[in-house]
Amino acid sequence: MVQLFDHDHTAPQPTTLPHHCPTTHHPPLTTQVTDQMTLYYACYTILAIISMVYDDVFHPLLLLDIIVKDSTTRAVIDAVVIPIKQLAATLLLTLFVIYIFSMILFKNFAAQFASPDSMEDCETLWRCFLASLNYGMRLSGGIGDIMSHTLDERLMLDLMYFLIVLVILLNIVFGIIIDTFSDLRTQKLDRLNDTTERCFICGMDRFTFDSASNEPQAFRHHLKNDHYMWNYLNFIFFIWQQDRDDDDGLELYVRKLIEKNDVMWLPKGRAMCLAAGNDDDAEESIEVQLARVEKDIFEHMNVQNAQHMQFLTKNEHAVDAVKSGTDELLRLIHLQNSRNNGPAITREASMRKVNEQRAANLGITPSSSPKNGRPSSRGGTSRPSSIK
């Protein structure tokens, strides 16, 4: 069997897998051609050729390759792409609001633009909408900055345009982008923390090992000696290369789990260095476990004995009740016979009479034997003998 925990810590060398080893399935040519990265580098090459042959104005566009190379820069683009539905809905609402303000300006304040050149911007509703969208979004005070200054007629209109469009709607757009970028950065930090601060095999964090051991760098020692991940990869390659008929019980068990893509054979949430510590702690732990098992066994036995005693007590009470009922029945029968001046009845005779009455109620006629012990020569059932 392959050695799982070696100490040379060398990466596994590429080996030739046998015919029964699972191989990588290569996708068809159409899938490879339409791959995103393949298309990206094809467009990048075409853009570079165009910038070299026709015009070098396209050269600066090649610098955008940093978006693909750097994950932080790519997160900036993702902050806009991921919430695209929320951004589109917010921008559409902004256009509707600007159109409403454009209609009000076109109907009532088209002649209040500052210069004669700017008065042409609101000759039609469409040009008034474009002027509100262009100047209103870019100027710090909104569309009122290019119109005549007044504090009478347009006071509420200019304030509402500034508050609704520039303060509320634009800040909502910025907030969606900033929140998405913050979430992406948090996810990146969590992935980095899982990569550097957790064991790849057992999934336990650095703090657990450092707090459980008195040695410095306990977590690093655990990664290099206990759960060195390349050893587990070597073991998987060993299972693939070995013939199935040569597997022992453990290797066959791991092979079946690997074929099912099941990682249950990995020590998830377990580490021997945490369970044992040193020999004294291990022995003490075993003694504590044995004492706890013995205590549980004794408690279970006591519960079983108590239940058995309760069962016996209930049975004794039931037997006593039956005996008292039988004695009371015999007393009543004896009293009835005494009143009728009949012969005294014995206990055996009374029990026989009770049985005969029960048989008669059930529709069963008991047969009686003659005095010599042989059955009657007459067919059918004989009449029960009278009680003497």
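Keep in mind that this is a model prediction, so the values were computed, not measured.

### Here's the deal with the overall build of the chain
In step 1: Scanning the chain from N- to C-terminus turns up 15 helices and zero strands.
In step 2: Counting every position in the chain, which comprises 388 residues, the buried fraction comes to 21%.
In step 3: For the chain, long-range pairs separated by at least 24 residues make up 58% of all intrachain contacts whose partners lie at least 6 apart in sequence.
In step 4: Entry remark: accessible area of the chain is about 28800 Å², with carbon and sulfur atoms responsible for 61%.

### Overview of the environment of Thr326
In step 1: You can see Thr326 is positioned in helix 14 (residues 279-339).
In step 2: Spatially, the C-alpha atom of Thr326 lies 9.0 Å from that of Met351, the residues being 25 residues apart in sequence.

### With respect to the side chain of Arg154
In step 1: Its place among the elements puts Arg154 in the loop between helix 7 (125-138) and helix 8 (155-196).
In step 2: Among the polar contacts listed, one links the side chain of Arg154 to the side chain of Gln112, at a separation of 2.7 Å.

### Topic: the environment of Tyr40
In step 1: Within the element layout of this structure, Tyr40 appears in helix 2 (residues 36-53).
In step 2: A C-alpha to C-alpha distance of 9.4 Å links Tyr40 and Val68, two positions 28 residues apart in sequence.
In step 3: Here Tyr40 is in contact with Asp65 and Val68, once residues within four sequence places are set aside.

### Let's talk about the packing of helix 5 (residues 84-108) against helix 7
In step 1: Viewed as axis vectors pointing N to C, helix 5 and helix 7 meet at an angle of 120°, and their least axial separation amounts to 9 Å. Considering the angle they form, helix 5 stands oblique to helix 7. Judged by the twist between their axes, the crossing of helix 5 over helix 7 is right-handed. For the pair formed by helix 5 and helix 7, the contact residues are Leu95, Ile98, Tyr99, Ser102, Met103, Leu105 and Phe106 on the first element and Leu125, Cys128, Phe129, Ser132, Leu133 and Met137 on the second.
In step 2: Tallied by class, the residues present in the contact of helix 5 with helix 7 amount to eleven nonpolar, two polar and no charged.

### Comments concerning the pattern of salt bridges
Side-chain pairing between opposite charges can occur once the charged atoms of the two side chains come close.
In step 1: Counted under the stated rule, the structure contains six salt bridges.
In step 2: Notably, a salt bridge pairs Asp158 with Arg154, separated by 3.4 Å at the nearest N-O pair. Judged on exposure class, the residue Asp158 and its partner Arg154 are both buried.

### Notes on helix 7
In step 1: The end-to-end C-alpha distance of helix 7 is 20 Å, a good match for the 20 Å that 14 residues give at a rise of 1.5 Å each.
In step 2: The complete set of buried residues in helix 7 reads Cys128, Phe129, Ala131, Ser132 and Gly136. What you see down the axis of helix 7 is that its buried residues fit within an arc of 160°, all on one side. Among the exposed residues of helix 7, those pointing more than 90 degrees away from its buried face are Trp126 and Arg138.
In step 3: Elements that come into contact with the buried residues of helix 7 comprise helix 5 and helix 8.

### Concerning the state of the cysteines
In step 1: Under the definition given, this model contains one disulfide.
In step 2: Each sulfur in the disulfide pair Cys122 and Cys128 lies 2.4 Å from the other. Here Cys122 and Cys128 share a disulfide; its torsion about the S-S bond, -65°, makes the bridge left-handed. The two residues Cys122 and Cys128 agree in class, both being buried.
In step 3: Of the cysteine sulfurs around Cys199, a residue in no disulfide, the closest is that of Cys202, at 3.5 Å.

What counts and how
- Residues numbered from 1 in each chain as written.
- Predicted model: local features only at pLDDT ≥ 70, side-chain atom pairs only at ≥ 80, totals over all residues.
- Heavy atoms only, no water.
- Helix = DSSP H or I, 4+ residues; strand = E, 2+ residues; numbered from the N terminus.
- Buried < 20%, exposed > 50% of the residue type's maximum accessible area, 1.4 Å probe, protein only.
- Contact = heavy atoms within 4.5 Å.
- Areas by Shrake-Rupley, 256 points an atom, 1.4 Å probe, with all protein chains shown as cover.
- Polar contact = N/O pair within 3.5 Å; in protein donor to acceptor, adjacent residues only side chain to side chain.
- Axes fitted to C-alpha atoms, helices over the stretch in contact; angles between N-to-C directions.
- Parallel < 35°, antiparallel > 145°, perpendicular 65-115°, else oblique.
- Left-handed = near helix turned anticlockwise from the far one by under 90°.
- Nonpolar A, V, L, I, M, F, W, Y, C, P; charged D, E, K, R; others polar.
- Salt bridge = Lys/Arg side-chain N within 4 Å of Asp/Glu carboxyl O.
- Expected span 1.5 Å × (residues − 1).
- Arc of directions from axis to C-beta.
- Disulfide = S-S within 2.5 Å.

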